[in-house]
Amino acid sequence: MERPGRLLLVSELRVRNAAYDVSLGRSMLTWKRRTSSPVYHPFRPSVYHSVSLSEIVSVREEEEENIGGQRDDGSWKKIREREGKYCRQAFTVLYVERCRQHRWRCAEVTFTCPEETLCQRWVSSIREQLAAATFRPKHLLVYINPYGGKRQGRRIYEQKVAPLFAEAGVATDVIVTEHANHARDHLRTEAELKKYDGVVCVGGDGMFSEIIHGLIWRTQVDGGVDPNCPEESLLPCSLRIGIIPAGSTDCICFATVGTNDPVTSALHIIVGDSQPMDVCSVHHNNLFLRYSVSLLGYGFYGDVLTDSERKRWMGPARYDLSGLKMFLTHHYYEGTVSFLPARGIMGTPRDASRCRSGCVVCQHNGRLLSERSEKYELEETSEGDSDGEWRTIRGKFLAINAASMSCACPRSPKGLSPAAHLADGTTDLILVRKCSRFNFLRHLLRHTSKDDQFDLAFVEVHRVRRFRFAPRHCQSDSDLELDFLGNSKRQIFSQICRDHPACGCAPAYSSWNCDGEILTHTAIDVRAHCQLIKLFARGIEEPAVFEDLTSPCAI
Ligand SMILES: Nc1ncnc2c1ncn2[C@@H]1O[C@H](COP(=O)(O)OP(=O)(O)OP(=O)(O)O)[C@@H](O)[C@H]1O
Ligand SMILES: CCCCCCCCCCCCC/C=C/[C@@H](O)[C@H](CO)NC(=O)CCCCC
Ligand SMILES: [Ca+2]
């Protein structure tokens, strides 16, 4: 509740023919029903409402005929008739309302005023407060992938998102992509980034990946940093990124907002939320391969992705079919994993607590790592080595997964690494050793239940700042030479074995699944960069202790 001295406006206004005391403070708008009886009445609608100014979408003056269902009792109408002129005496406030499962919707309330000048004062005071919120975006660059997920990106944007941006006065330049990497290349070289307060992608994780590749690359090149050098500290990107989910997995949206809902995402963009996020760079020797924010998976998830790419026409169901096929195939791979454990930071991958809105672990580690990197820069020491000792594990693995965040998604609401953090500068390295099909199934099923997927003898998890992987039969450069059809020898070898399961030989190599894209190399060097990008999100909110179950969208 705001202190009376801090109030900007206080008036008696009407909402649906009932009198309300309405007050505008520097942080809240509240409306409280005037009631003659102090006795609680169970069937009367709620008497006290408040909305944070930071969650107001917009305010608009109403034409008289627009005040649907809110005809007054005639007293104020008489005044208007006496004055014999048309006047605007009502205004509508659009604001964020929380629904179940982290969904937001845009609710509205119309206030009728006794006179036009008062109405104008209210509208201009609220608009002044909104304009003072400099963190809200005014101009956005929007990329739509018309072919992601169920091919609904364009319709979702036009029907659900564009009207909200227009209502909130957010200007947009919209580009519907014409081919893969269109958005990435446009951001890298052409886009006039200074004009914008953020970039929005309408699509899935693959589309988001294009956006970060364009933005991160551009930021490094403009700042004189060589993206091919794995030892370089990368420069953080200044533009925030919004995700309107329209893909197949949408795990980045789900893990940063808590739901895959275009309206919820659009509202997080409008109110100007900001969520920092870690990014892993992936190199092969001194060659930059890709950035990753969610899953880097070798073995099971690499094979699922490779197989599912051939079934793209099936849409999101391709992952279920390929998942089942790869589970039955049960391939394991030999190799060496070396990693640099994250030392001296808060949090472990086996914690019961989760990364949530305003996460203290992310704040603490973010501060610590930026102080450390400043110190090491001064001392001209390599940041990685000063963290501690490298550890090496050699073995046969069904899966090697690195999750830089939980990777929660509708398929697995707690994700691959439930206690991973969005912005703590680390990634959780999960090693699933060769085991029976039955045991692997137990591990997989635990992604969908309350049971701990790491509490199994053949699974280990380490929170790391950096790791490397080399397959046992490490390919020479000639393995990667292409034949006349563009296939590498490694691909052909894998193909022969997959096509002849009866010969009993498993392929020597899997592929890395990097946020849903296949990497061209198997020997990789991965480094986590703390809080390199920012999203228009706030992390998953803890549910309110007393949820308003009478709210229309709570049902
Ligand atoms: N116009 C286009 N035509 C063809 N491909 C495109 C186009 N625009 C973008 N792409 C590519 O489509 C791929 C998949 O897109 P997207 O991530 O939106 O959907 P998805 O793969 O179904 O979802 P998810 O990544 O969440 O599983 C991306 O890798 C992107 O590079
Ligand atoms: C037999 C029952 C088993 C049930 C097991 C369910 C386990 C689900 C874990 C889901 C992890 C998703 C990780 C996210 C990866 C994304 O970066 C990537 C791009 O969108 N998606 C995939 O690679 C798509 C990967 C899809 C995997 C199925
Ligand atoms: Ca992390």
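Please read these numbers as outputs of a predicted model, since none were measured by experiment.

## Things to note about the overall build of the protein chain
Scanning the protein chain from terminus to terminus reveals 13 helices and 21 strands. Long-range pairs, those at least 24 residues apart, make up 74% of the contacts in the protein chain with a sequence separation of at least 6.

## Points about the site of ligand 1
Surrounding ligand 1, one finds 22 residues, the nearest of these being Gly148, Gly203, Gly204, Gly206 and Gly247. A total of four residues in the shell around ligand 1 trace back to one element, the largest contributor, which is helix H5 (residues 205-222). Counted by class, the shell around ligand 1 contains four nonpolar, 14 polar and four charged residues.

## With respect to the domain arrangement of the protein chain
Segmenting the protein chain into domains produces domain 1 (4-133) and domain 2 (139-473 + 508-535). The element best represented in the side of domain 1 that touches domain 2 is strand E7 (residues 104-112), accounting for three residues. Along the lines of polarity and charge, the residues of the side of domain 1 that touches domain 2 split into six nonpolar, four polar and three charged.

## Notes on the confidence of the model for the protein chain
Per-residue confidence for the protein chain gives a mean pLDDT of 87; residues scoring 70 or more make up 82%. Low pLDDT (under 50) marks residues 82-86, which in the prediction has one contact with non-local residues, meaning those over four places away or in another chain. Within the model, the stretch residues 492-502 combines pLDDT values under 50 with nine contacts to residues more than four positions away or in other chains.

## Remarks on the site of ligand 2
Lining the immediate surroundings of ligand 2 are 24 residues, of which Asp205, Thr249, Ser412, Leu444 and Gly516 lie closest. Every element with two or more residues in the shell around ligand 2 is listed here: helix H8 (300-309), helix H9 (318-329) and helix H12 (437-445). For the shell around ligand 2, a count of residues per class yields 12 nonpolar, nine polar and three charged.

## Points about the UniProt feature "domain: DAGKc" (unreviewed entry) in the protein chain
Under the feature "domain: DAGKc" (unreviewed entry), the UniProt entry names residues 135-286. When the span residues 135-286 is considered, its composition is 38% helix and 22% strand, and the gap between its end C-alpha atoms is 38 Å.

## Things to note about the pairing of strand E16 (residues 391-403)
Inspection of the sheet shows strand E14 (residues 295-299) paired to E16 by five bridges, in the antiparallel sense. Across the sheet, the residue bridging to glycine 299 is alanine 399, located in E16. Bridge analysis of E16 against strand E17 (residues 427-433) gives six bridges, and the strand direction is antiparallel. Looking at E17, one finds that alanine 403 is bridged to aspartate 428.

Scoring rules and cut-offs
Residues numbered from 1 in each chain as written. Chains lettered and ligands numbered in written order. Predicted model: local features only at pLDDT ≥ 70, side-chain atom pairs only at ≥ 80, totals over all residues. Helix = DSSP H or I, 4+ residues; strand = E, 2+ residues; numbered from the N terminus. Contact = placed C-beta atoms within 7 Å. Near = placed C-beta within 6 Å. Nonpolar A, V, L, I, M, F, W, Y, C, P; charged D, E, K, R; others polar. Domains from an automatic or database assignment. pLDDT = per-residue confidence, 0-100. UniProt positions renumbered as here; feature names shortened; annotations may be inferred. Pairing = 2+ DSSP bridges.

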